[in-house]
Amino acid sequence: MTKVNPYKDSDLGKKEQVTKMFDTISGNYDDLNRVISFGIDIKWRKKVVNLVKDNNPKTILDIATGTGDLAINLAETKADKIIGLDISSGMLEVGKQKIKAKQLENTIEMVLGDSENIPFPDNSFDAITVAFGVRNFETLEKGLAEILRVLKPNGIFVILETSVPTKTPFKQGYKLYTKNILPLIGNLFSKDKSAYKYLSDSAAVFPHGEALNNILRKIGFINVKDFPQTFGVATIYTSSKE
């Protein structure tokens, strides 16, 4: 898998670069995402919530939670405890304000932490989610192995991630949008011009569909399935643990 980092001239590792990038763009990340995705990401997250809800989880871990959009949506599951984990303190602070405004502090806890060294014991969570975060892992396999470790047996793991359409004309339209329009929007609204170029470049090279399914199976996940969304511009993956 080709590695793409946010800042090509930086001596920092990918993990540190991703942290710096999200700290920088945290203030306008939510609004810009709505513009970039035309708001469709809200519907995708709703589907993730419904998949999790079907398993009646008591404990949920939302990894790469960012500003907490999915963690907040997951409150609909009536879980006793939801943990939002992220390496960016800037994103978490925005999320904490949103959680406070919705009076969900007793349900959702935002935790500063690393997806490749999850600060919880084995078999801790009934459900684990990652929305648009696995492609930011420094070492994908290590992050997935950690997720498997803290997921309870028979628990559900759901990934929502960008993917690349394979059918004409969606493939060509997606390439045009991500290569030309997406960085332009990012440049107009964000003070970090590298950030949204990285987000589109990393999406283009990240394994999707059966390629990611096979990585999940290799790590040890079972019942691996994928569900392409909106002509294949995103995919939802579900899996479990024995």
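Numbering of residues starts from 1 in each chain and follows the order in which that chain's sequence is written. Predicted model: local features are reported for residues with pLDDT of at least 70 only, side-chain atom pairs are reported and counted for 80 or more only, and whole-chain, interface and lining totals are derived from all residues. Calculated side-chain values reflect all of the structure's heavy atoms, with hydrogen atoms and water omitted.

## Side note on the pattern of salt bridges
Right, on to step 1. Whenever Lys or Arg places a side-chain nitrogen within 4 Å of a carboxyl oxygen from Asp or Glu, that contact is recorded as a salt bridge. Considering all chains together, one arrives at 15 salt bridges under this definition.
Right, on to step 2. A salt bridge links Lys 98 to Asp 69, with the nearest nitrogen and oxygen atoms 2.6 Å apart. Of the two residues, Lys 98 is situated in helix α5 (residues 89-101) and Asp 69 in helix α4 (residues 69-73); the sequence distance between them amounts to 29 residues.
Right, on to step 3. Residue exposure (1.4 Å probe, protein chains only): buried if accessible area is under 20% of the type maximum, exposed if over 50%, otherwise partly exposed. For Asp 69, a relative accessible area of 15% corresponds to the buried category. Only runs of H or I of at least four residues qualify as helices and only runs of E of at least two qualify as strands under DSSP, and these elements are numbered from the N terminus.

## Details of the pairing of strand β5 (residues 151-162)
Both faces of the sheet carry side chains from a regular strand, because those side chains alternate between them.
Right, on to step 1. Burial runs high along β5: nine of the 12 residues are buried.
Right, on to step 2. DSSP-based pairing: two strands are paired if at least 2 bridges between them are found. Across six bridges, strand β4 (residues 125-131) lies against β5 in parallel orientation. Its bridge partner being in β5, Ala 131 is matched across the sheet by Leu 160.
Right, on to step 3. The handedness of the β4 to β5 crossover, carried by helix α6 (residues 140-150), is right-handed.
Right, on to step 4. Across seven bridges, the pairing between β5 and strand β7 (residues 234-240) is antiparallel. Paired with Ile 156 across the bridge in β7 is Ser 240. Orient the strands so they point away from the viewer; a crossover is then right-handed if the path from the first strand over the helix to the second runs clockwise.

## Some points on the nonpolar core
Right, on to step 1. If you look at the biggest cluster of nonpolar residues, it comprises 26 residues, and the most contacted ones within it are Leu 61, Ile 63, Ile 128, Ile 147, Phe 157, Leu 216 and Phe 221.
Right, on to step 2. Element by element, the count of residues in this core is highest for α6, at five residues.
Right, on to step 3. Those residues in contact with Phe 157, other than ones at most four positions away along the chain, are Ile 128, Val 130, Leu 144, Ile 147, Leu 151, Leu 216, Phe 221, Tyr 237, Thr 238 and Ser 239.
Right, on to step 4. If you look at the next biggest cluster of nonpolar residues, it comprises 25 residues, including Ile 60, Ala 71, Ile 72 and Ala 127. Think of a nonpolar core as a cluster: buried Ala, Val, Leu, Ile, Met, Phe, Trp, Tyr and Cys residues, connected wherever their side-chain atoms sit within 4.5 Å. Should any heavy atoms of two residues lie within 4.5 Å, those residues are considered in contact.

## Structural notes on the environment of Ser 89
Right, on to step 1. Structurally, Ser 89 can be placed in helix α5.
Right, on to step 2. Judged by relative accessible area, which is 37%, Ser 89 ranks as partly exposed.
Right, on to step 3. Through-space distance from the C-alpha of Ser 89 to that of Ile 108 is 16 Å; in sequence the pair is 19 residues apart.
Right, on to step 4. Once residues lying within four places of it in the same chain are set aside, the contact partners of Ser 89 are Asp 23 and Leu 112.

## Some details on the pairing of strand β1 (residues 59-63)
Right, on to step 1. Counting buried positions along β1 gives five out of five residues, so the element sits mostly inside the fold.
Right, on to step 2. Going residue by residue along β1, you find Thr 59, Leu 61 and Ile 63 tucked away on one face and Ile 60 and Asp 62 tucked away on the opposite face as well.
Right, on to step 3. Bridge analysis of β1 against strand β2 (residues 81-86) gives five bridges, and the strand direction is parallel. Bridging from a neighbouring strand, Ile 63 pairs with Leu 85 of β2.

## What about the sheet that holds β4?
Right, on to step 1. Taken together, the seven strands give an open sheet; going across it, the order is β3-β2-β1-β4-β5-β7-β6, and neighbouring strands pair in mixed fashion. Two strands lie at the open edges of the sheet, namely β3 (108-112) and β6 (222-229), each paired on one side alone. Along the sheet, successive strands turn relative to each other by an average axial angle of 15 degrees, direction set aside.
Right, on to step 2. α5 contacts β2 and β3 of the sheet and is inclined by roughly 170 degrees relative to β3. Axis definition: a line fit to C-alpha positions, over the contact stretch in the case of helices; interaxial angles, taken between N-to-C directions, run 0 to 180 degrees.

## Examining α5
Right, on to step 1. Taking 1.5 Å of rise per residue, the 13 residues of α5 would be expected to cover 18 Å, and the 18 Å separating its terminal C-alpha atoms lies within 8% of that figure.
Right, on to step 2. Every buried residue of α5 is accounted for by Gly 90, Met 91, Leu 92, Gly 95, Lys 98 and Ile 99.
Right, on to step 3. Packed against the buried residues of α5 are α1 (14-25), α2 (29-37), α4, β2 and β3.
Right, on to step 4. At the exit of α5 stands Gln 103, carrying a positive phi of roughly 55 degrees. Multiplying 1.5 Å by the helix residue count minus one yields the expected span of that helix.

## Some points on the packing of α6 against helix α9 (residues 210-219)
Right, on to step 1. Between α6 and α9, the least distance of the axes is 10 Å, while the angle of their chain directions is 55 degrees. Between α6 and α9, the interaxial angle falls into the category oblique. In the crossing of α6 with α9, the sense of the turn from one axis to the other is right-handed. Contacts between α6 and α9 involve Leu 140, Glu 141, Leu 144, Ala 145 and Leu 148 from the first element and Leu 212, Ile 215, Leu 216 and Ile 219 from the second. Every angle not falling under 35 degrees, over 145, or within 65 to 115 is termed oblique; those three ranges are roughly parallel, roughly antiparallel and roughly perpendicular. Left-handed is the label given to a crossing in which the near helix is rotated counterclockwise from the far helix by less than a right angle, and right-handed is the label when the rotation is clockwise.

Limitation: the analysis is restricted to geometry and does not speak to function.
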